[in-house]
Each structure stands twice: as structure tokens, then as C-alpha cells.
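Chain and residue survey
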Amino acid sequence: MHKVDLDPAFGERTWAQLESALGEIFQRRESGLSYEELYRGAYNMVLHKHGDRLYSGFQALAERHLEGVAERVAAGHGEMLLEGAHREWREFSRAMQLNRDILMYMDRVYVRRAGRPSVEALGCQLWLSEVLRSPELDSRLSSEALRMVEREREGECVDQDRLRRLTQMLVETGGGAYAAELEEPLLEASRRRFQGQAGRALEAGSPDEGKLPVPEYLRLVEGKLEEEQRRGEAYLDPQTGPKLVTAVEDEMLAAWQEALLGHANGGFAAMLEQGDTDSMRLLHRLLGRVPGGVEGLCARFKEGLEQRGTSLVQEPESTLGAVAYVEGLLALKAKFDGVVAEAFDGGKIFSTAIQKGFETFMNLESTSAERLSQFLDDKLRSGFKDVAEDEIEHLIDRVMLLFRHLQDKDVFESYFKQHLAQRLLGGRPVSEDLERGIIARLKTECGHQFTSNVEAMFKDISTSGDIMARFRTSMEDQKDRAAPQGETSGRVKFDLNVQVLTSGSWPIRGAAATCKPWTLDPALRHMTSAFESFYLEAHSSRKLLWQASMGTAEIRAHFGGRKYDLLVSTHQLCVMLLFKDSSQLSFSEIRRATGMETADLSRALRGLACIKGKAVLLKEPSGKAVGEGDSFTYNEDFQSRAFRVKLAPTSQLSENGLERTEVRKRISEDRKPQVEAAIVRIMKARRTLHHNAVIEEVTRQLAPKFLPPPQMIKARLESLIEREFLERDGDNMKLYHYVC
């Protein structure tokens, strides 16, 4: 082998040849060059360890070429500045691409080994440092681009191609050139612009000519979002469009949520009040783009619901009856359900807000359960006369939705059974199918215990019909035919209908009265005695207790030559019979003659003397309350358009505070064994449990019927401990053990 010695001047001589040729390429005079020879020369320099000289020489050549480029570009003004920059970049890029092909081997071998930028990267770095960030240009390109964007936002027509080419140049330059020279200044200027626009439109102290109603402002923002998205697609880098959209969302939506959701200037509260579904839909769509926006909208939605619901619930019963109250709740729910469906795309978060809102305000007043039952009672008594036949089931379902929001469902149960009893005993059920349909729904909601006695009530009514049929047959066989077709002491014929109820199945208040006020009339006394004899003969082991408070009667009365058929309760019948022989009686005289309890008599007299337009008796002193010192006079001037006049039965009169207290007291007593039973079930299964866990578990189990207060649970725990069902732990007083 022979050693080959290279010419010591090989590297410099070869570079001189390459330098001249590469310079010609920069000057666009490359037509006579041999690219193969130039590539071989660059290859040999790298191969013979002259790669550093080649790289540094090319870098110096490129730097010399860029001298004066910045001055030439800076000589342009306005949009021509961008045009000049693009032209110079295009020429420089063309030259760098040709030179990169010649220096390809250097890129593959030397650059990788030395860890230096590639030819392409070197060109971009030099363009950035020598041109874009030169003192001559120094932010002029970005400033001019921002002016063009601003002019376009104001509606002027600008050359988008020049902006697109500027973006392309900056992105190709790399090194953060696009972000630093265009994107960041654009985003900063855009945010200032959006802030100003929002402030002028929404701030309370802004000039009137700049203000916009919130619905118009939302449409402005929607257009702005679309506009900025199109701008990003038209002449900016793809990553910039979403950032501009985010800037609109932050500065025109997120920063102004309070103003958008308020009442002033047509905000959400005003939209909700006016039922502006289109604007609410747009607001929901826009706030959905903002973190926490939908949650904030939902909070205001719930707040608006609770304000309206609380106002309705706290309306005095004297001005808002049960029917109007429930209809108001149904209308409120329908309105807000409609908003959720039409404006909020049926969002679950809003449906949950409606549910929680109704649970909040419907349980503010203890009368909600009673009024809900009164509403159903009114509709069932009237046969849903104001409701289309195909809408009846839908209305019942809507009422059941309200029922779900009640916490004290046992209170509703108490009133519902009481009202059902009144309908059954008064022969008022318009449709047994509707009655049973409601009962089936209640059974589904609360379990079979809720309606356990109801089936027995229906059975008693059916059985009573059979008993009365046998009784009438029996009386027809008797010579005197005293009942059921009898005669009062005034020789007026009448009919008797007795309904035998099973004790424990019916919501009967208190014990049966020992007195029988109807016995003041001989014919009534004779009829009831005949029925007692007939029934007890067939059922000798049973006992009959008369419940006058649950009976009804129809009597013929004369007022100043006018006659009417009055539909009254049994107690009211007994009171009216006294006025056959007297025109005026005191409260004490009536009580002494009938033997009725004070509460029963007060209810009866309220129905006869205190109902406007139906006062068959006149009370002194006047007023809605009945007291010991009152006196009552037969109202000879009573008039009515109807021949049959239905006076308010005692059981249908609104309960006063004392009666409600009694009902609540009775319900509270009924709850005690239920709480104790729940505690025993839990402790029997768990054997040992902490106090807080007992409270939580009992509350959970009883929630379908009522929410027991912790004080009640604690009292029942103490009672069970006293009766040795439970015992406390010796070391931890809050720990309970079940005693077998």
C-alpha cells in the first residue's frame, strides 16, 4: 500500500471554488453551474476533515448575502412592507434550498456529528436575526399586520394573501418567529379590543350610545366567534384561530357572566321573566364554551325558580286557594321544564335544578301536602270538568310529579285518605277508575303500605250497598214501613242510607260521639234504631258506633216564600232542624239541644253562616270565626240562583290553625312507632352501630314517607333504651348495641 498525501491547500482551494458558485446561486446566476461537481467538492471537503471550514464559510457567505436585505424591506410602507418581506424571503429560501442540495453530505455527516444546525435551520436562524429582528424592521412587520387585521375587523377590505404569506414566512422561519412576531401581539391587541367592546356594551356607566341589550350583545359575540374562527382559517396559522376564539370567550363572556346572568339590560333573569327562549338558547350555547358558564347559568336558573316558587308557596291561603296554588305550581313547572327542553337542550343539570328547587320551596310550608290533596279532591269531585278527557291522565301524572317533591308524604297520605273518605261517603266518586288510577300511582311511589287501607274503604262501600238493599227489603215486610221511607215530625218523607265502615280502615277523627244529635227528631230516631236492630240481629258480635261527623243530608228549606234543596252534613242537618220552631238561637242553646262537641258544632255553624253567598243563617257578631257568645238567626232573605245549594261540608272547610295543629300532632304520634320500628330493624341487622350512623340510616329508610328530625330519632332511641331493646356501650356513649 502507498500512502496518499493531500495537497495542504486542498481545503481552501476547494472552498474558494464552492464559495464562488454558492454566491452565484444567491445572485440568481446559477444557470452555468455544474451541481454534480459542486456536490463532489463539498463531499470531498467533509470526507477529508474540512467540514468545519465548509460550514463556517457557508455561514459567513449567507450572512454577507443578507446584508442590506433589511434596509430594502424597510424601504416599503404599508402593505408593501409585507410584500417586500415576502419577496426577499422567497428569494432567500430558493437559494438556500439549492445550496442545501449541494451541501447535503455535510448536513448528513458533519452537521450531525458536530451538533450544529442544518443548512435549512441555519438559513432560518440567519433570516430571523439579520432581517426580521434587525434594527431597521424591529416589529414593523407585526405592527403593519395588526393594522391590517384591525382594518378588516372594522369592515375594510384588505389583501388577505399578503397576511397569509407573512404567516407562512414566519412559520417557516421557525424559532418562535410566528409566535413572537405575529401571534402574541395579535392576541394581546385582540384581547384589549374585546375588553373594550364588552365594556362599552355592558358596563353600567358606559355611554348610552355604546350600550347593547344583552340579547343583542350575545348575537354580537356569536358573530365575533365565527368571524375570528374564519380569520384564523383564512390567513393565520391553524393554532391561532382557536386562541382568538378563546380570547373572545374570555373577554366577552367569562369576564361578564354576572352582567349576562342578571336582570339589568335584558340579562338572563329578564329573559326568563319574558320567556325569551331564543336568547336563552343562545346564552346557554355561548356559556357552554366558558369554564363554569353552564353551572353559573344553572345556579341563576334555580334561583329564579326558587324565587317564584317561594313567592307562590308563601301566598296566604285566604288569597290563594288550594286549586289556584297547585295550578300555579303546575304552570311554574311547565314553564321551567319548557325552558330546559327548548333552550337548554334538555340538560340534566337543569332538570336536577328544577327537582331540587321544587323540593326546597314546596317544603317551606307545611300546608303543601294538604293543598295538593285538596286539589285532587276538587278535581275528582267535579269530574275534571275543566280538563279535556284526553288530558286527565296527563294532569294526574303532573300532580304526581309534584307529590314526589314532598318530604312529608305521610301528611299528604292523611289528608288524601280523609278526602277519599268524604268522596266515598258522599257518593261523590265520579270515576272509580280515576280514583284507583291515582291510588295505583301512590302505591308505586310509596309502597303498598301507603294504600293498605284504601282497598278496605272501597270494599266497605260495596258491602254497605248490599246491607242497605237487605235492610229496605226487611222494612218493606214490616207493617209500619217506618224506614227507610219515613216521615219527619213535619210529615215530610225522607230516605235513609247507612254505610257501615270497618274500624281502623277509615280516617275517623277521635272516638265516636256518645250523643246522637239527630235523636231530637222522632222520625230520625226511629229510623236509626230500626237499622241498629236489623244490623245487630245479623251481626250480634259486632258493635255499631255512629259517626255523625262523616254523614251528609239533603233537606228542603223555605226562605221568604222561596224553597231550596240544601246539601248539608249530618251535624248541619241537626242544627237546621232546630230552626223549624225558633228563628234565633245562641251557640250555647244549639250545643245544649244537640249535645254536639264544641269543635264539631263550630265547624257546622261555619258552613251554615260564614260562607259568602251561602249563609242560610246570620251570625252576630259577623265574622268568619264562631265563638261561645255568637247568636244565629234564620236568614229569611237567603237567595240563590240554583235550586240545589251545596253548603260547605264541615270536612271540606279549610282547617284553622288549631285543627292543623291537632292533625300534625296526630301525625307526629303516628310517626313515633315507625321511627322505632326502623331503628329496631337496623340494629337487629347491624347489632352495633354509632349514633350518627343510626341517624343517617333511619333517615334514609323513612325518606320515602317523611324526613324524621334528628331530635325525634334521638328521643325514640332513648325510649328503646328505657324499654331494653337497646343499650349503650360502656366505654362509648354514642355506640348502641342491640339487645336480643
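Quick caveat: nothing in here was measured; it's all calculated off a predicted structure.

1. A closer look at the overall build of the protein chain
For the protein chain, the count of helices and strands is 30 helices and 11 strands. A globule of 740 residues ought to have a C-alpha radius of gyration of about 27 Å, yet the protein chain, at 47 Å, is considerably larger. Summarising its shape, the C-alpha atoms of the protein chain cover approximately 155 × 70 × 45 Å along the three principal directions. Taking the contacts inside the protein chain whose residues are at least 6 apart along the sequence as the reference set, 70% of them involve residues at least 24 apart. Of the roughly 37200 Å² that the protein chain leaves accessible, carbon and sulfur atoms contribute 49%. Placing the 102 positive and 114 negative side-chain charges of the protein chain at their respective mean positions leaves the two points 5 Å apart.

2. What to know about the sheet that holds strand S5 (residues 584-586)
Pairing in this open sheet of three strands is antiparallel, and the strands run S5-S7-S6 from one edge to the other. At either end of the open sheet lies a strand with only one pairing partner, and these are S5 and strand S6 (617-620). Going across the sheet, the axis of each strand differs from the next one's by a mean of 25°, ignoring polarity. Pairing analysis gives four bridges linking S6 to strand S7 (residues 631-634), with the strands arranged antiparallel. Of the residues in S7, the one forming a bridge with Leu-618 is Thr-633. The sheet strands contacting helix H26 (residues 587-594) are S5 and S7, and the helix crosses S5 at an angle near 85°.

3. Structural notes on the pairing of strand S11 (residues 735-738)
The pairing of strand S9 (residues 688-690) with S11 spans three bridges and is antiparallel. Residue pairing for S11: Thr-688 is matched across the bridge by His-737. Alignment of strand S10 (residues 726-728) against S11, held across three bridges, turns out to be antiparallel. When the sheet's bridge partners are listed, Leu-726 is paired in S11 with Tyr-738.

4. A short note on the sheet that holds strand S4 (residues 562-569)
Judged by pairing direction, the sheet is mixed, and its three strands sit side by side in the order S3-S4-S8 without closing on themselves. Among the strands making up the open sheet, the edge pair consists of strand S3 (552-559) and strand S8 (644-646). Within this sheet the neighbouring strands show an average axis-to-axis angle of 30°, counted without direction. Of the strand pairs in this sheet, S4 and S8 are connected by three bridges, and their pairing is parallel. Opposite Asp-565, over in S8, you have Arg-644 as the bridge partner.

5. Focus on the nonpolar core
Within the largest apolar cluster, 86 residues are counted, with the highest numbers of intra-cluster contacts made by Phe-301, Phe-344 and Phe-412. Top contributing element to this core by residue count: helix H17 (residues 322-343), with nine residues.

6. Quick notes on the pairing of S3
Note on strand geometry: in a regular strand, side chains alternate between the two faces of the sheet. Only one face of S3 is covered, namely the one carrying Ala-553, Ile-555, Ala-557 and Phe-559; the face carrying Thr-552, Glu-554, Arg-556 and His-558 has none of its residues buried. Bridge count between S3 and S4: eight bridges; the pairing is antiparallel. Paired with Arg-556 across the two strands is Asp-565, which belongs to S4.

7. Thoughts on the pattern of salt bridges
Counting across every chain of the model gives 59 salt bridges. When the shortest N-O distance is used, the salt bridge between Glu-79 and Arg-162 registers 2.9 Å. Placement of the pair is Glu-79 in helix H5 (residues 79-102) and Arg-162 in helix H9 (residues 160-173), with a sequence separation of 83 residues. Because the salt bridges share partners, they merge into one network encompassing Glu-150, Glu-152, Arg-153, Glu-154, Arg-193, Glu-227, Glu-228 and Arg-231.

8. Here's the deal with the packing of aromatic side chains
Remark: the centre distance and the inter-plane angle together describe each pair of aromatic rings, the angle taken between the planes. Under the definition given, this model contains 25 aromatic pairs. Here Tyr-55 and Tyr-110 contribute two aromatic rings whose centre-to-centre distance is 5.9 Å and whose plane-to-plane angle is 50°, an arrangement assigned as tilted. Here Tyr-110 lies in helix H6 (residues 104-114) and Tyr-55 lies in helix H3 (residues 51-66), a separation of 55 residues in the sequence. In this pair, the class of Tyr-55 matches that of Tyr-110, namely buried. Where Phe-471 meets Phe-531, the ring centres are 5.2 Å apart and the plane angle is 85°; that geometry is what we call edge-to-face. With a gap of 60 residues between them, Phe-471 in helix H23 (residues 454-476) and Phe-531 in helix H24 (residues 522-538) connect regions that are remote in the sequence. We note that Phe-471, like Phe-531, is buried. Chaining the aromatic ring pairs together yields one cluster made of Phe-26, Phe-58, Trp-89, Phe-92 and Trp-127.

9. Observations regarding the confidence of the model for the protein chain
Detailed conclusions should not be drawn from predicted coordinates in areas where pLDDT is low. Scored by pLDDT, the protein chain has a mean of 85; 92% of the residues are at 70 or more. The element-level mean pLDDT for the protein chain is lowest in strand S1 (residues 486-487), coming to 48, with helix H15 (residues 277-287) highest at 94. Scored below 50 in pLDDT, residues 479-492 makes 31 contacts in the model with residues more than four places away or belonging to other chains. The model gives residues 650-654 a pLDDT under 50, and that stretch makes 18 contacts with residues more than four places away or in other chains.

10. Re the packing of H5 against helix H8 (residues 140-153)
Helix packing geometry: the angle between the two helix axes and the distance between the axes. Look at H5 against H8: their axes get within 9 Å of each other, and the N-to-C directions meet at 130°. Taken together, the axes of H5 and H8 lie oblique to each other. Between H5 and H8 lies a crossing whose hand is left-handed. Between H5 and H8, the contacting residues are Glu-79, Leu-81, Leu-82 and Ala-85 on the first element and Arg-140, Leu-141, Glu-144, Ala-145, Met-148 and Arg-151 on the second.

11. Some details on H24
Over its 17 residues, H24 runs 25 Å from end to end, which matches the ideal 24 Å to within 8%, given 1.5 Å per residue. Taken together, the buried positions of H24 are occupied by Ala-523, Leu-524, Met-527, Thr-528, Ala-530, Phe-531, Glu-532, Phe-534 and Tyr-535.

12. Things to note about helix H16 (residues 293-313)
Under the 1.5 Å per step criterion, the end-to-end length of H16 is 30 Å for 21 residues, consistent within 8% with the ideal 30 Å. Those residues of H16 that fall on the buried side of the exposure criterion are Gly-293, Val-294, Leu-297, Cys-298, Phe-301, Gly-304, Leu-305, Glu-306, Gly-309, Leu-312 and Val-313.

13. Details of the environment of Cys-446
Along the polypeptide, Cys-446 turns up in helix H22 (residues 432-446). Taking the C-alpha atoms as reference, Cys-446 lies 6.8 Å from Lys-705; in sequence the two are 259 residues apart. With near-sequence residues (within four places) excluded, Cys-446 lies in contact with Phe-403, Lys-409 and Pro-704.

14. Things to note about the environment of Leu-647
Of note, Leu-647 is situated in the loop between S8 and helix H28 (657-686). The exposure class assigned to Leu-647 is buried, which follows from its relative accessible area of 1%. For the pair Leu-647 and Leu-608, spaced 39 residues apart in sequence, the C-alpha separation works out to 6.9 Å. With residues near it in sequence (within four places) discarded, Leu-647 still touches Leu-567, Val-568, Gly-607, Leu-608, Lys-614 and Val-616.

15. Observations regarding unusual backbone geometry
Looking along the chain, the bond that leaves Glu-620 and enters Pro-621 is cis, with omega of -5°. Mapping Pro-621 onto the fold places it in the loop between S6 and S7. Despite not being glycine, Ser-139 shows a phi value in the positive range, around 75°. In this fold, Ser-139 is placed in the loop between helix H7 (119-132) and H8. A positive phi angle, close to 55°, is found at Asp-345, a residue other than glycine. Following the sequence through the fold, Asp-345 ends up in the loop between H17 and helix H18 (348-362).

Each value, and the rule that gives it
Residues numbered from 1 in each chain as written. Predicted model: local features only at pLDDT ≥ 70, side-chain atom pairs only at ≥ 80, totals over all residues. Heavy atoms only, no water. Helix = DSSP H or I, 4+ residues; strand = E, 2+ residues; numbered from the N terminus. Rg over C-alpha atoms; globule rule 2.2 N^0.38 Å. Contact = heavy atoms within 4.5 Å. Areas by Shrake-Rupley, 256 points an atom, 1.4 Å probe, with all protein chains shown as cover. Lys, Arg positive; Asp, Glu negative; His and termini not counted. Charge placed at Lys NZ, Arg CZ, Asp CG, Glu CD. Pairing = 2+ DSSP bridges. Axes fitted to C-alpha atoms, helices over the stretch in contact; angles between N-to-C directions. Core = buried A, V, L, I, M, F, W, Y, C linked by side-chain atoms within 4.5 Å. Buried < 20%, exposed > 50% of the residue type's maximum accessible area, 1.4 Å probe, protein only. Salt bridge = Lys/Arg side-chain N within 4 Å of Asp/Glu carboxyl O. Phe/Tyr/Trp six-rings, centres within 6.5 Å; stacked < 30°, edge-to-face > 60°. pLDDT = per-residue confidence, 0-100. Parallel < 35°, antiparallel > 145°, perpendicular 65-115°, else oblique. Left-handed = near helix turned anticlockwise from the far one by under 90°. Expected span 1.5 Å × (residues − 1).

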